[in-house]
Every structure is written in structure tokens, then in C-alpha cells.
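# Working through the structure, step by step
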Amino acid sequence: KQEVTQIPAALSVPEGENLVLNCSFTDSAIYNLQWFRQDPGKGLTSLLLIQSSQREQTSGRLNASLDKSSGRSTLYIAASQPGDSATYLCAVPVGGYQKVTFGTGTKLQVIP
Amino acid sequence: NAGVTQTPKFQVLKTGQSMTLQCAQDMNHEYMSWYRQDPGMGLRLIHYSVGAGITDQGEVPNGYNVSRSTTEDFPLRLLSAAPSQTSVYFCASSYSPGVSGNTIYFGEGSWLTVV
């Protein structure tokens, strides 16, 4: 059974700091990995999707990397802003492609 | 483009009542799914569908029923509500998940309380 872990569960940083969020998965035979953002009381919004053949993806101040062999992905946020405060979740397909398993998320607070 | 629309946003049910959470998408997506989100448990898959007329169980299907008569709609039915079903429910859709790696779109969520 694929298990997806995100550590830490919560993170508080001062504005302007660069930070890294971690995602670990137990089954390295994945097709892709997605990072999502969830604001309080809202649904999830896709941030980045990394295909298994890729090592990283970038969008603005966000950079996600994927290391299948070690079962890890990281989400790097550069020059953090208060507007980045949210919960960040990673997700991987399970047993084929019909099902997706989510991590429990990292709640990020960026302090002005 | 409305994306994924869920209704109702909030609902309070009494134990034993039944209700249907509605989900509709206007992106012609094949794949739709329902998750519940509980503190400390993350998102857990309830049911999913890979196309009209095709549904299957996810991780926590007991107490829930689904059908997919059209591409656009994927309602989730609570057959006899229990307090353990108090949760936030999310509907999601995509062209096809996993292998092809299409982005998954989520609805805004439905907050359900069973008393």
C-alpha cells in the first residue's frame, strides 16, 4: 500500500525566507507526483505536476523536485510571502492510474 | 468556465437521514472522484468513476453510494447518515489521472455535520 508522508505537519517562517517542504512515498513505482495548495475553507488547487521522467518542475517562485529512487519530493518556495500561507499537499497515483493517494499536508504560516 | 461545482456548501443532518451531495463539472472530464477530509487523516478516496456508467470503490466506501449517468454529474449519496460521516467532502475531476498526469481539479467542498 502506498503511503505518503509530509513532514513537518506545520511550519512557521518569517516573510522573505526560502523554504522547503518535504513529501515521502513508500512505493517508488509512481507515474507522477502533484503538489497542491489548500486555503482554509477551500478546495485544493494544483501547483505543480512532475512526471516520472522529470526531475523537477518550476512555476514562478515554486520549484518541485522528484527523486523516485529515494521516494522523495520537495517543494521549494523562494522569497516567501504572507500570501503563501496555506496547507500544501502532495499526491501520487496508486496501483495504476485510477486512484490517487494524498499526504496529510504541511500547514505553512508566513509571518509578515 | 465554472470548473467543479459542489452543492450544498454546508449541511446538518440527523442520524439516520439520507442526503445527496451534488457534483458537476463542465470540462468534459472522464475521471471524477469523491474524497472526505478529516483532521489528521488527510484526504481519503470514497468512490471514483472513469466514465459515464462506470464507478468503483475507493478506500472508505461504506455508507456511501454513487452513480454516473452523465459525464458531467457525479452525485454522492449518504444512505443513512452516522456521526462518523461528519466531515468535509470534496469532489474532483480530471481528463485522466495518474499515468497521463493531467491536473486534478477540485470543488470548493461540502461541510457535513451529522448530529
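Everything that follows concerns the structure shown earlier in this document.
Keep in mind that this is a model prediction, so the values were computed, not measured. (Residues numbered from 1 in each chain as written. Chains lettered and ligands numbered in written order. Predicted model: local features only at pLDDT ≥ 70, side-chain atom pairs only at ≥ 80, totals over all residues. Heavy atoms only, no water.)

### Some points on the nonpolar core
With 22 residues, the main nonpolar core has A:Leu21, A:Leu33, A:Trp35, A:Leu75, A:Ile77, A:Tyr88 and A:Leu108 as its most contacted residues. Elements with a contribution of two residues or more to this core: β3 (19-25), β4 (32-38), β5 (44-51), β7 (62-67), β8 (72-77), β9 (86-94) and β11 (106-111) of chain A. Ignoring any residue separated from it by four or fewer positions in sequence, one finds A:Ile77 in contact with A:Glu17, A:Asn18, A:Leu19, A:Leu21, A:Arg61, A:Leu62, A:Asp84, A:Tyr88 and A:Leu108. Counting residues in hydrophobic clusters, the runner-up holds 19 residues, among them B:Leu21, B:Met27, B:Phe74 and B:Cys91. (Core = buried A, V, L, I, M, F, W, Y, C linked by side-chain atoms within 4.5 Å. Buried < 20%, exposed > 50% of the residue type's maximum accessible area, 1.4 Å probe, protein only. Helix = DSSP H or I, 4+ residues; strand = E, 2+ residues; numbered from the N terminus. Contact = heavy atoms within 4.5 Å.)

### Topic: the packing of aromatic side chains
One pass over the structure, following the stated rule, counts 10 aromatic pairs over all chains. Centre to centre, the rings of B:Phe10 and B:Trp111 are 5.8 Å apart; their planes meet at 40°, and the pair counts as tilted. Note that B:Phe10 is positioned in strand β2 (residues 10-13) and B:Trp111 in strand β11 (residues 110-114), a separation of 101 residues in sequence. Put simply, the rings of A:Phe36, A:Phe102, B:Phe10, B:Tyr35, B:Phe90, B:Phe106 and B:Trp111 touch in pairs and so form one group of aromatic residues. The positively charged end of B:Arg68 is found above the aromatic ring belonging to B:Phe74, 6.0 Å away from the centroid. (Phe/Tyr/Trp six-rings, centres within 6.5 Å; stacked < 30°, edge-to-face > 60°. Lys NZ or Arg CZ within 6 Å of the ring centre and 35° of its normal.)

Fair warning: the whole summary comes from geometry, so function is off the table for now.
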